[in-house]
Amino acid sequence: MPDLPPDSGPEPLADDPRVVTFSHGGATLVAEEAGAGRPVFLLVHGIGMGRKVFDGLVELLAQHGRVVAIDQPGYGSAPEPARTLTMERTADLVAAFVRASGLGPVVLIGHSMGTQVATEVAVRHPALVEQLVLVAPTVDRRARRLAPQLLRMARDLAVEKPLVLYKGAREYLRAGPNLRGKLHAMLSHRPELAYPGIAAPTLVLRGADDQVCPPEWCRSVVASIPGAQYSEVPGHRHETMIRDPREAAERILPFVGLGSPTE
C-alpha cells in the first residue's frame, strides 16, 4: 500500500540520542532503541500503555538484536493527534517510520491493542514484516463492547502483582482525556477480517489465565492466520510481558530462530 511522504524524518531528542520522534500524516510517534544488529524487534504497546512497559522485554531481546519500542500517538510521551487514529492509520504511521528509519523487515511484536496495529502493518505493508508476534490479541468478537471489556480487565487485574498495577496506572494516566475515543477506535476495529491476509510467520502468545483474551478466541485467531503457531504462558494473565518478560522472551526468541535469553 503506498504511503504519503513523512512529515519529517526521525528526529533525535536533544537529551537522549536513543529516543526519536517521527511524524507522518499529522500524527507523531516516539521510539526508543536498544541493542544493535539484526534481527530488529519492533514493539507496539496496548491501550493506555506506552513503550516503557516493555523495558524488561527490551533488555532481554537486546541481547540478540536491535530493539525499538514505540509510543503510539497520544500515549507515553507522544503528543495527542488532532483526531484519534484508527488502527489502520496507526499501522500506516508505524510502516512509514520503519521505512524512513531503514529498519525493515522487522520482527513485529504487538501486545493487546498493539496486536491490532501490528496485524494491519503485516497485511497493509507485508514487505516490512519478517515475523509477527501477537501477544494477548484483542478484541474478542463476542465481547466487542466497552462494558464487557472493562469487566474482563478488572477481573484480570484483580490478582496482578503491584508492579503490573503501578505501571498500568501510570501509563493510563498518561493516555489522557481522549482515552474514550481510543477505546472506540480499538473496539470498532475488526482484526478477524485482516488475519487471513497475514503472510508473515506468526506466533500467537497468551497468558494461560488471561481474562481479557479467552482461549477459544485466541485459538480462533491462530486458525485464521495461515501457518500460525500458538503458545501459552502458565500462570500469567493479560499483562504477561510486564509481569515476567522472561517467559515471553523464552517463546519469542526460539520462534525467530534464536536461543533463550541469557541470565
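Before any of the text, the structure's been laid out above.
For clarity, every value in this text was computed on a predicted model and none was experimentally measured. (Residues numbered from 1 in each chain as written. Predicted model: local features only at pLDDT ≥ 70, side-chain atom pairs only at ≥ 80, totals over all residues. Heavy atoms only, no water.)

Q: Before we go on, may I ask you to explain the side chain of His111 in this structure?
A: Within the secondary structure, His111 is located in strand 6 (residues 106-111). Look at His111 and you get buried, because its relative accessible area is 6%. (Helix = DSSP H or I, 4+ residues; strand = E, 2+ residues; numbered from the N terminus. Buried < 20%, exposed > 50% of the residue type's maximum accessible area, 1.4 Å probe, protein only.)

Q: What should I look at first to understand the packing of aromatic side chains in this one?
A: In this description, an aromatic ring pair is defined by two values, namely the gap between the centres and the angle between the planes. Within the structure shown, the criterion is met by two aromatic pairs. Between Tyr195 and Trp217 the ring centres are 6.4 Å apart and the planes differ by 50°, which places this aromatic pair in the tilted class. Here the residue Tyr195 occupies a position in the loop between helix 7 (191-194) and strand 8 (202-207), and Trp217 occupies one in helix 8 (residues 215-224), the gap between them amounting to 22 residues. For the pair Tyr195 and Trp217, a shared accessibility class is recorded, and that class is buried. (Phe/Tyr/Trp six-rings, centres within 6.5 Å; stacked < 30°, edge-to-face > 60°.)

Q: In this structure, what is going on with the state of the cysteines? I would like to understand it.
A: Note on terminology: disulfide describes a covalent bond linking the sulfur atoms of two cysteines. Under the defined criterion, the tally for this structure stands at zero disulfides. Here Cys213 stays free of any disulfide, with the sulfur of Cys218 as its closest cysteine sulfur at 5.0 Å. The exposure class of Cys213 is buried, given its relative accessible area of 1%. Here Cys218 falls in the buried class, since its relative accessible area comes to 0%. (Disulfide = S-S within 2.5 Å.)

Q: Is there a simple way to explain helix 2 (residues 87-101) in this structure?
A: Because the α-helix completes a turn every 3.6 residues, residues three or four places apart line up on one side. With 15 residues, helix 2 extends 21 Å from end C-alpha to end C-alpha; this agrees with the ideal 21 Å at 1.5 Å per step. Met87, Thr90, Ala91, Asp92, Leu93, Val94, Ala95, Ala96, Phe97 and Val98 are the residues of helix 2 that are buried. Downstream of helix 2 by one or two residues, Gly102 has phi in the positive range, about 65°. (Expected span 1.5 Å × (residues − 1).)

Q: Honestly, the pairing of strand 8 in this entry has me stumped. Any pointers?
A: Within a regular beta strand, the side chains point alternately toward one face of the sheet and then the other, so they alternate between its two faces. Of all six residues that make up strand 8, six are buried, and the element is covered over most of its length. Side-chain alternation along strand 8 places Thr202, Val204 and Arg206 on one buried face and Leu203, Leu205 and Gly207 on a second face that is also buried. Relative to strand 8, strand 7 (residues 129-135) runs parallel, the two sharing four bridges. Bridge assignment links Val133 to a residue of strand 8, and that residue is Leu203. (Pairing = 2+ DSSP bridges.)

Q: I'm lost on the pairing of strand 2 (residues 16-24) in this one. Help?
A: In this structure, strand 2 lies alongside strand 3 (residues 27-35), joined through six bridges in antiparallel fashion. Pairing of Phe22 across the sheet is with Leu29, part of strand 3. Hairpin connection between strand 2 and strand 3: a loop of two residues separates the two successive antiparallel strands, and Gly25 in this loop has a positive phi of roughly 65°.

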